[in-house]
Each structure stands twice: as structure tokens, then as C-alpha cells.
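Summary of the model geometry
One-letter residues, chain by chain:
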Amino acid sequence: MSNPVLPAAYAVSKLAKDVSLNLAGIQSAAQSLYTSLKAKPYTAESWSLVPLHPDATVRTPQEIIDWVFLVSALNFSFWSDLPSDKRYGVQWKAGVDGKCVDEAEKVHTGYWSLIAALHRAKEEGVDITNPKVYKELSVESLRKVFRSDQAEEIPLFDERVRVLREVGEVLCSKYDGTFATLLKASNRSSLSLVNTVVTDFPCFNDTTSYPGIDSPLPIRKRAQILVAELWAAFGGEGWGRFLDIDELTMFADYRVPQILHSLQTIDYSPRLVDLLKTHVNLPNGSPEEVEIRALSIVAVEELRLAIARLAKEDPEGGVKVPNAVLLDFLLQLKHREGIVGSPGLVQLEFGERVSTAGDEGGESSAKFDVVGE
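The present account deals with the structure reproduced in this document. (Residues numbered from 1 in each chain as written. Predicted model: local features only at pLDDT ≥ 70, side-chain atom pairs only at ≥ 80, totals over all residues. Heavy atoms only, no water.)

Looking only at helices and strands, one finds 14 helices and nine strands in the chain. The C-alpha radius of gyration of the chain comes to 20 Å, within 12% of the 21 Å expected for a compact globule of 373 residues. Oriented by its inertia axes, the alpha-carbon framework of the chain measures out at about 55 × 50 × 50 Å. Of all 373 residues assigned to the chain, the portion counted as buried reaches 57%. Residue pairs at least 24 apart in sequence account for 77% of intrachain contacts in the chain once pairs closer than 6 positions are excluded. (Helix = DSSP H or I, 4+ residues; strand = E, 2+ residues; numbered from the N terminus. Rg over C-alpha atoms; globule rule 2.2 N^0.38 Å. Buried < 20%, exposed > 50% of the residue type's maximum accessible area, 1.4 Å probe, protein only. Contact = heavy atoms within 4.5 Å.)

On to the packing of helix H3 (residues 61-74) against helix H10 (residues 221-233). It is the contact of H3 with H10, at a shortest axis distance of 9 Å, that shows an interaxial angle of 150 degrees. One way to sum up the angle between H3 and H10 is to call them roughly antiparallel. Crossing of H3 against H10: the hand is right-handed. Contact with H3, carried on its side by Ile64, Ile65, Val68, Phe69, Ser72, Ala73 and Leu74, involves Arg222, Ile225, Leu226, Glu229, Leu230 and Ala233 of H10 and no other residues of that element. When grouped by side-chain class, the residues that make up the contact of H3 with H10 number 10 nonpolar, one polar and two charged. (Axes fitted to C-alpha atoms, helices over the stretch in contact; angles between N-to-C directions. Parallel < 35°, antiparallel > 145°, perpendicular 65-115°, else oblique. Left-handed = near helix turned anticlockwise from the far one by under 90°. Nonpolar A, V, L, I, M, F, W, Y, C, P; charged D, E, K, R; others polar.)

Moving on, we come to helix H13 (residues 287-313). With 27 residues, H13 extends 38 Å from end C-alpha to end C-alpha; this agrees with the ideal 39 Å at 1.5 Å per step. With 20 of its 27 residues buried, H13 lies for the most part within the structure. (Expected span 1.5 Å × (residues − 1).)

Let us look at H3. Spanning 14 residues, H3 covers 20 Å between terminal C-alpha atoms, matching the ideal 20 Å at 1.5 Å per step. Taken across its 14 residues, H3 has 11 buried, putting it largely inside the fold. Along H3, the residues classified as buried are Ile64, Ile65, Asp66, Trp67, Val68, Phe69, Leu70, Val71, Ser72, Ala73 and Leu74. Each element contacted by the buried residues of H3 is listed here: helix H4 (111-123), helix H5 (131-134), helix H7 (157-174), helix H8 (179-185) and H10.

Per the counting criterion, the structure on display carries 16 salt bridges. Of the charged contacts, one joins Asp18 and Arg271 as a salt bridge, the two residues approaching to 2.8 Å between their closest N and O atoms. With Asp18 in the loop between helix H1 (5-15) and strand S1 (19-21) and Arg271 in helix H12 (residues 270-276), this pair connects stretches of sequence that are 253 residues apart. Of the charged contacts, one joins Glu166 and Arg162 as a salt bridge, the two residues approaching to 3.1 Å between their closest N and O atoms. Here Glu166 pairs with Arg162, and both are found in helix H7, just four residues apart, close to one helical turn. You can call Glu166 buried: its relative accessible area is 17%. Taken together, the shared-partner salt bridges in this structure form one network comprising Asp18, Arg271 and Glu288. (Salt bridge = Lys/Arg side-chain N within 4 Å of Asp/Glu carboxyl O.)

Ranked by size, the top nonpolar core spans 114 residues in total, and within it Phe146, Phe179, Phe204 and Leu230 carry the most contacts. Looking at which element gives the most residues to this core, the answer is H13, with 13 residues. The contact partners of Phe179, leaving out residues within four places of it in the chain, are Ile65, Asp66, Phe69, Leu171, Leu193, Val197, Leu226 and Leu230. (Core = buried A, V, L, I, M, F, W, Y, C linked by side-chain atoms within 4.5 Å.)

On to the pairing of strand S5 (residues 213-218). With three bridges joining them, strand S4 (residues 207-210) and S5 adopt antiparallel strand pairing. When the bridges of S5 are listed, Thr207 appears paired with Pro218. (Pairing = 2+ DSSP bridges.)

Here we come to the packing of aromatic side chains. Under the counting rule described, the total for this entry stands at six aromatic pairs. Each ring, one from Tyr111 and one from Trp112, has its centre 4.9 Å from the other, and the planes form 75 degrees; the classification is edge-to-face. Each ring, one from Phe251 and one from Phe329, has its centre 6.0 Å from the other, and the planes form 50 degrees; the classification is tilted. One end of the pair, Phe251, is in the loop between H10 and helix H11 (255-262); the other, Phe329, is in helix H14 (residues 324-336), with 78 residues separating them in the sequence. For the pair Phe251 and Phe329, one class covers both residues: buried. Taken together, the aromatic side chains of Phe69, Phe179, Phe201 and Phe204 make up a single cluster linked through ring pairs. The ring of Phe204 is capped by Arg222, whose NZ or CZ atom sits 5.0 Å from the centre of that ring. (Phe/Tyr/Trp six-rings, centres within 6.5 Å; stacked < 30°, edge-to-face > 60°. Lys NZ or Arg CZ within 6 Å of the ring centre and 35° of its normal.)

So, about the packing of H10 against H14. Look at H10 against H14: their axes get within 11 Å of each other, and the N-to-C directions meet at 85 degrees. Comparing their axes, H14 and H10 come out roughly perpendicular. Mapping the contact onto sequence places Ala228, Glu229, Trp231 and Ala232 in H10 and Val325, Leu326 and Phe329 in H14. Considered class by class, the residues forming the contact of H10 with H14 number six nonpolar, no polar and one charged.

Moving on, we get to the side chain of Lys99. Here Lys99 lies in the loop between strand S2 (89-92) and strand S3 (106-109). Among buried Asp, Glu, Lys and Arg side chains, Lys99 stands out as unpaired, with Asp97 the closest opposite charge at 5.3 Å. Within the local environment of Lys99, its side chain forms a polar contact with the backbone oxygen of Val50, the two atoms lying 2.9 Å apart. Lys99 has contacts with Ser48, Leu49, Val50, Pro51 and His53, leaving out every residue within four places of it along the chain. (Lys, Arg positive; Asp, Glu negative; His and termini not counted. Polar contact = N/O pair within 3.5 Å; in protein donor to acceptor, adjacent residues only side chain to side chain.)

Below you can see the structure in the form of C-alpha cells.
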């Protein structure tokens, strides 16, 4: 079984007009990442070290599995035009499971606002990761779960309620009320699990199209994130052991393309840069938006191959070549640590307005902002 996402992305890259690979930039970024990996290895176990990620060594497997599934189902659209002190935010602890215990509570925004809201709900006695519960919770109860501690409420609340109802009903009617049943049936195949997820849960089935390519193009962003985070949460062992995890691609969201552009691994045409400087919203499925996602997938694969070549040339270096999943995680970590591109480079921030399953998930658009010149 092969992953259809990668060949689809390469097909777009051959026809793309406004986004291209920068081979010199890829080599430079690969060298930088290789040096970093040589100094400090980055592995699947690193996932549990993130302050708000639950730790599988202190929680039950089913709790971890249903947590990761729920987060993946709701992991879309945290973009806001508001400043950080106004946008949707959840004030809660800095960490869980013994992490950051000496730090004060903080307001979490973006993706982390979702994580904090779910932790808060659990602390308040809501069994929010239980599909039997969240598929039946009233709208009022869900508003309380996702309530904001700042001016803006959670984006697309009604869409998130719809997703909870959909995935909860499927899990309860087909999989004994837990994603663990489906995970066990995958026979340790990440691709088999992704295929089942996009088939049985319509909100995960994101496809797109591109001029000159007749067949639908699979993106499978959240379905791949779901499987990758299960793998990482269990350190690639036990419930998280997949024999084909290396077949997954990076996750074509908004943050990694921004990082890849800042590292000069992908280039934008002057026309696209001028367009983005107008703060335009690119419609979901527009050629420019598809090119950015597709070329990001290709760029991460080319980064992986370049790192593999460096490791082969340096057999004493002891660097284990990361797969695309770990590269995605690592790039986001480097971003949080302040890694940026070359001085003077126009950096473009790509923020998803909606990132559910394309047409099935509702009308979508993507916003890019010039954040520095």
C-alpha cells in the first residue's frame, strides 16, 4: 500500500506556476537541521515532553487514544485578525502530568487554546474525550467547554459541534464507542488507518483539484496528523507502533508552509507575493493555495532525502534520518524556538480561515499576511 498524497503533490509541483522548490535553500536547511539533529536527536518520544501534551506513561492507553482522536477532529481554523490579547484564548495551567508545575497559569491561543479548553473541561468533570458523551452534550454545555477568557469566542463553534456529532455517532455505532477499536483493527498500518478514517469520517476526507490534473488530489492533513500523533504519543511502541509510519507525509496546514518559505526552501512568484501583500483571502482549492500545500509536502520530502544523503556521507555522525512526520514536528519546534529565514526575506504568514474537509466541511479560504520585509 502506498500513500497517494506524495505523488499527487509531486504532480502539482511539475505544473505549478506560482510556487517552486528552491534546491539551494533545501540543501542549506537540510544542513542546518542535520547539525541540530547531530547535537540533539529528535524522536517520537519528544512529543510527550511538550507541556500540554498528555503523557502516555501516566495515563491509560484508551484515554490517550480518544484524546488524540478528539483533538485531531477539532484541529482546524484558529486564525484570527485580532491581536493576541483579544483573540480566542483559554487561561489554564502551563503544563500537565507533572510538566511546568512551578509556572503560573497563562492564556493559551491558537491550537493550544483548544488543548487547554479540553484539559479544563476534564478538570471540571466533563468526560469530554468520551464519544458517548460529546455526541450528546447540549450546545450550551459545549459552549461552556469551549468558552473563551478573552474577547473572541472560539472560531466556527457550530462547525465544531457538527464534527463532534458526526465522529461521535460513527464511533458509537461502528467502533464500540472508542477509536481504540479502529486502531486495533488497522494491524499496525498507518496507511490502512488513514484510509479507514477518511472513508468513515467525512470531516477528515479533504481532497482538492488542480488545473491539468483530472483526478481528485488527496491532502489528508488531519487524518495523517491523527495517526502521526498516536505514533508519537506512544513513542512508536505498543498502541503507537506502525510498521509503515515512514509512508506518511508532512501535514499541509498553514504553519509549516510559512516556516518553509522563511527557510527559502520554497519560493513564491512576484505575482503571488504582490497578491499576498494585499492581505487577500485565497479560496480553498484555488491554484495558489493548492500549490502552497503541495510544494510544502514536496519540500519536506526533499529535505528528508537531503538529510539522508548527509547522514550517508557522515556514517560516524550517528544521526537517524527523521521521517516526514518528525520533520514536520521538528520544523514547528524550531519555529517556536525562533528559527527564521535569511535577513531581508519577505516572510508571509499563512493562516487558515477554515480547514475542515474542503467542500464537505463548508466554505473555506486561506489568508496570508506579510509579516516582515
